[in-house]
Amino acid sequence: MTSHSLGRFLDQYGGAGSFLSVCLLLILVMFGLPLFVSTFGLLQVTILAVMSIFALSQGFVWGFAGIMSFGQAGFLGLGAYAYAVAVINYGDSTLAVPISIILPMLFAAVMGYFMFYGRISDAYVGVITLTVSVILFQLINSTSGSQYRIGVVELGGFNGIPAIPPLNLIGDPSRPLDQTGIWYATMGGLLLVYSLLRFILMSRFGRVVVAIRENETRAQLIGYDPRLFKLLAFVIGAGIAGLAGCLYVNWAGYISPGVFALTMSAQAIIFVLVGGLGTLLGPILGAVLIQWLINTIGDQGTVDPGLGLGIILVAFVLLFPKGIVPLVQAAIQQALTLRKRNVGSPLPVDADPLQSGAE
Amino acid sequence: MDLAGLIAFNVVTGIATLCLITIGLGVIYGMMRIINLAHGELMMLGAFTCIIATEAGINIWISIFVLSPLVVGIIGLVLERTIIRFLYGRILDTMLATWGMSIGLTGLIVTVFGNNVRTLANPAPSFGIGAYSTSLYGLVIVAVAVGALGSLFALLRLTKFGLILRATMERPGMAAALGIKPDTVYMATFALGSALAGMAGAVLAPISGVSPVMGVAYITRAFITVLGGGAAIVTGTGLASMLFGTIDELVSFKASPVIGSVAMLMTAVVLIRIFPTGITGRFLRRSL
């Protein structure tokens with residue numbers, strides 16, 4: 001077994017140890033950070049957690065199901081707008097949150113039906129998802145004027161929807177969450193999504209999804225319908241992106257068509273590519289790292305963040321297509337095997353005695 | 001009657017516009033199987049070249065038909081040599097890399113020129129169709145689109161260069177065995193596609209306005225048309241442009257341009273559900 005496939009094996013099934021340590025880390029950050037950081041600092045870190053959830057949706061759909069979704073921002077935006085419209089109309093976030101998850105899932109189901117049951121190639125899936133997200137952006141952008149309203153909410157076109165109420169305690173609109181509460185909700189969401197995806201990947205369903213990524217024809221011959229499994233994975237990814245959208249609105253307090261923009265989809269791709277394809281920890285790390293970088297470049301103001309993002313994307317495709325986490329895993333794996341050899345475990349059969357003697 | 005004439009004129013212009021937007025993408029996709037997500041940004045660079053050249057006092061027609069294709073062709077050449085050529089055969093990686101190029105180029109132009117819209121004076125006079133008045137520039141677009149499709153067809157079908165191009169795309173190994181360098185051919189094809197994109201951007205600049213983020217407005221239409229058209233460059237682009245251009249213009253007239261795009265997309269999605277390889281994947285397979 002090569003070090004790379006071993007790394008991937010550990011990440012998927014090496015099970016409980018790494019899963020619990022990541023969860024523990026997330027919980028530590030969740031409850032530890034408010035003790036050390038001001039409310040303003042917490043606000044800046046909350047967006048990193050929101051983007052991590054968004055990155056996980058891309059990471060699952062692309063890294064595990066092998067679907068080239070280039071338009072995850074479409075689902076992020078749908079979730080964000082669904083939450084905004086629902087919470088203002090109902091005056092209560094209890095129903096708005098599930099709506100913000102379910103609406104993108106329904107949309108993804110229709111889209112996925114045409115893509116996967118049409119059996120179009122991976123590259124075409126990329127093009128269609130990208131095109132749909134751009135058209136959603138243009139559509140929402142053109143809704144200025146009071147005739148475009150859902151219930152009492154004007155969609156507001158380019159300006160978006162202002163003053164969106166935050167989450168409140170379940171069933172009690174009189175008690176909205178403050179900034180610290182939003183932080184707990186976001187981190188709780190991240191923890192939930194991470195655990196859910198780990199669970200899915202360990203389940204039979206998840207293994208079939210990964211099997212289809214590895215070899216679609218073989219999986220089909222065994223008796224699994226790749227179209228159905230891809231569709232379901234795509235729909236799950238859309239739901240997670242919708243949740244990220246809902247939390248994004250809570251962080252920002254308003255929503256504009258910018259969430260649908262192509263750069264948003266590109267960011268999700270970059271998070272996953274930089275962090276590591278086919279891992280769950282990778283997208284989270286990638287999101288934190290890159291979003292922090294974007295914020296820093298954006299604050300500085302002389303260079304457009306797009307320039308940096310573009311260079312990072314090209315550089316990673318050319319130089320490190322596997323991303324950081326698998327790279328580190330491979331390095332650790334290599335260090336471990338070297339150490340084992342030095343300690344004097346039985347030599348592999350094909351090892352050169354001269355070479356190991358020289359070490 | 002006047003209205004019908006105006007609509008007919010707009011439909012023809014719309015089809016020609018779609019042809020122009022798509023042709024550069026079609027050359028690169030049809031010949032090299034690379035989906036160039038930086039296509040819109042190459043058009044944007046063409047438009048910028050045109051506006052900078054005209055502001056420097058160069059004749060607008062020379063800027064559109066000579067300078068823009070030349071400059072963007074060279075940029076395409078450089079991008080192919082430095083990035084794309086390492087990724088041949090990996091279609092998804094090329095998509096990611098060209099997407100990176102697209103974001104990077106937009107970011108670069110925003111950094112240098114600022115994120116604002118510039119306008120280019122429309123060089124053609126307007127004329128009347130009965131009670132309605134419209135710009136003669138539409139005829140320029142139609143002429144350029146027909147000219148571009150025609151010369152591309154002639155290039156591929158009648159010249160030795162075209163023969164080498166088609167041979168390399170069909171069987172790179174065999175072409176190489178016969179003494180052709182596939183690497184050089186790919187390079188030339190990418191530069192040709194880029195130059196066509198640059199020219200398209202420049203031709204449309206007087207109508208669209210020029211801004212660093214204008215590329216996004218084109219790519220959806222271009223992608224839909226290429227997907228719908230299939231692998232044959234000239235026939236596919238032509239047929240798909242006719243279909244989608246007509247739908248787009250008619251729906252845009254009835255509703256709004258955005259709804260026109262939505263109608264185009266929905267037609268394309270249904271079309272691809274029926275013919276997964278596009279129109280020319282099913283009909284006229286031997287065409288160019």
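Quick caveat: nothing in here was measured; it's all calculated off a predicted structure.

The rules behind each value
- Residues numbered from 1 in each chain as written.
- Chains lettered and ligands numbered in written order.
- Predicted model: local features only at pLDDT ≥ 70, side-chain atom pairs only at ≥ 80, totals over all residues.
- Helix = DSSP H or I, 4+ residues; strand = E, 2+ residues; numbered from the N terminus.
- Rg over C-alpha atoms; globule rule 2.2 N^0.38 Å.
- Buried ≥ 20, exposed ≤ 12 C-beta atoms within 10 Å, placed from the backbone.
- pLDDT = per-residue confidence, 0-100.
- Contact = placed C-beta atoms within 7 Å.
- Nonpolar A, V, L, I, M, F, W, Y, C, P; charged D, E, K, R; others polar.
- Expected span 1.5 Å × (residues − 1).

A look at the overall build of chain B
Part 1 of the argument: Tallying secondary structure elements over chain B gives twelve helices and two strands in all.
Part 2 of the argument: Taken from the N to the C terminus, the helices and strands of chain B come in the order α-α-α-α-β-β-α-α-α-α-α-α-α-α.
Part 3 of the argument: A globule of 288 residues ought to have a C-alpha radius of gyration of about 19 Å, and chain B, at 19 Å, matches this closely.
Part 4 of the argument: The C-alpha extent of chain B, read off along each of the three principal axes, is 65 × 45 × 35 Å.
Part 5 of the argument: Buried positions account for 50% of the 288 residues belonging to chain B.

Digging into the confidence of the model for chain A
Residues and elements named next belong to chain A.
Part 1 of the argument: Confidence in the prediction of chain A, expressed as mean pLDDT, is 86, and 90% of residues score 70 or more.
Part 2 of the argument: The secondary structure element of chain A with the lowest average pLDDT is helix α15 (residues 353–358), at 41, and the one with the highest is helix α10 (residues 226–252), at 95.
Part 3 of the argument: Within the model, the stretch residues 349–359 combines pLDDT values under 50 with five contacts to residues more than four positions away or in other chains.

Here's the deal with the interface of chain B and chain A
Part 1 of the argument: Across the boundary between the two partners, chain B contributes 33 residues, which contact 35 residues of chain A.
Part 2 of the argument: At the level of secondary structure, the elements contributing two or more residues to the side of chain B that touches chain A comprise α4 (91–113), α9 (215–229) and α11 (257–274) of chain B.
Part 3 of the argument: The biggest single contributor to the side of chain B that touches chain A is α4(B), with 16 residues.
Part 4 of the argument: Class assignment of the residues belonging to the side of chain B that touches chain A gives a composition of 23 nonpolar, eight polar and two charged.

Looking at helix α7 (residues 179–202) of chain A
Part 1 of the argument: An ideal rise of 1.5 Å per residue puts 34 Å on 24 residues; α7(A) measures up with 35 Å between its terminal C-alpha atoms.
Part 2 of the argument: Inspection of α7(A) places A:Ile182, A:Trp183, A:Ala185, A:Thr186, A:Met187, A:Gly189, A:Leu190, A:Val193, A:Tyr194, A:Leu197 and A:Arg198 among the buried residues, and these make up the whole buried set.

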